[in-house]
Amino acid sequence: SGSESWLSREVQLATSILCSSAGSMQLQQLHRQLLQRCNISEEEFSAMVYKCPRFLLVGGPSGDPTVVARTSLRLCGRYGREDAGCCREDCPQLHLCRYFLFGTCRFGKA
C-alpha cells in the first residue's frame, strides 16, 4: 500500500541515524534529525517507532524516551568456551570473542 512505501525509506534513514549515534538516541532528537532528511509527520514517526521491529523504545537516563536500534544478529553462546566450541559450520550467529567485546581481552586492546 502507499503508506508502506514511505515507511521503508524512513526506516532506513532512521536506522542509519541511530547507527551513527552508537545505536540509540532520544526520541525527539531522532525525529528532528529525520526531518532534516525527509518530510515525516509526528504521527507517521510515532507509528514507525512503535510498530517497526527495528526499533525499541526505552526510558533514557534522564527519563526521556530513547529509541534503540534492534537487530536479529546474536552472539553464538557456544563460541569461545573452553568446554565446548561451536561445531556447526552453518551457525547463523556471530562468532566473536566475548572478552574482546567486553574490553577484557588478555591479548591486548584492539
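These numbers come from a predicted model, not from an experiment. (Residues numbered from 1 in each chain as written. Predicted model: local features only at pLDDT ≥ 70, side-chain atom pairs only at ≥ 80, totals over all residues. Heavy atoms only, no water.)

Q: Which parts of the structure should I look at to understand helix H3 (residues 42–51)?
A: A turn of α-helix holds 3.6 residues, and therefore any two residues three or four places apart point the same way. Restricting attention to buried positions, one finds in H3 the residues Phe45, Met48 and Val49. Along the axis of H3, the buried positions cluster into a sector of 95°, meaning they face one direction only. Along H3, exposed side chains directed more than 90 degrees from the buried face belong to Glu43, Tyr50 and Lys51. (Buried < 20%, exposed > 50% of the residue type's maximum accessible area, 1.4 Å probe, protein only. Helix = DSSP H or I, 4+ residues; strand = E, 2+ residues; numbered from the N terminus. Arc of directions from axis to C-beta.)

Q: What am I meant to see in the environment of Val68 here?
A: Mapped onto the elements of the fold, Val68 is located in strand E3 (residues 65–69). In this structure, Val68 is in contact with Leu18, Gly23, Ser24, Arg54, Phe55, Leu56 and Val58, ignoring residues within four places of it in sequence. (Contact = heavy atoms within 4.5 Å.)

Q: Sorry, what's going on with the sheet that holds E3 here?
A: Across the sheet, three strands lie side by side as E1-E3-E2; this open sheet has antiparallel pairing. Two strands bound the open sheet, and with one partner strand each, they are strand E1 (24–26) and strand E2 (55–59). Ignoring strand direction, the axes of neighbouring strands in this sheet form an average angle of 30°. Bridging between E1 and E3 involves three bridges; their strand directions are antiparallel. Residue pairing across strands places Met25 opposite Val67, the latter belonging to E3. Docked against the sheet, helix H2 (residues 27–35) engages E1, E2 and E3, running at close to 95° with respect to E1. (Pairing = 2+ DSSP bridges. Axes fitted to C-alpha atoms, helices over the stretch in contact; angles between N-to-C directions.)

Q: Before we go on, may I ask you to explain the side chain of His31 in this structure?
A: In this fold, His31 is placed in helix H2. With a relative accessible area of 6%, His31 lands in the buried category. One polar contact links the side chain of His31 to the main-chain carbonyl oxygen of Ile40, over a distance of 3.3 Å. Every residue in contact with His31, bar those within four places of it in the chain, is listed here: Ile40, Ser41, Glu42 and Phe45. (Polar contact = N/O pair within 3.5 Å; in protein donor to acceptor, adjacent residues only side chain to side chain.)

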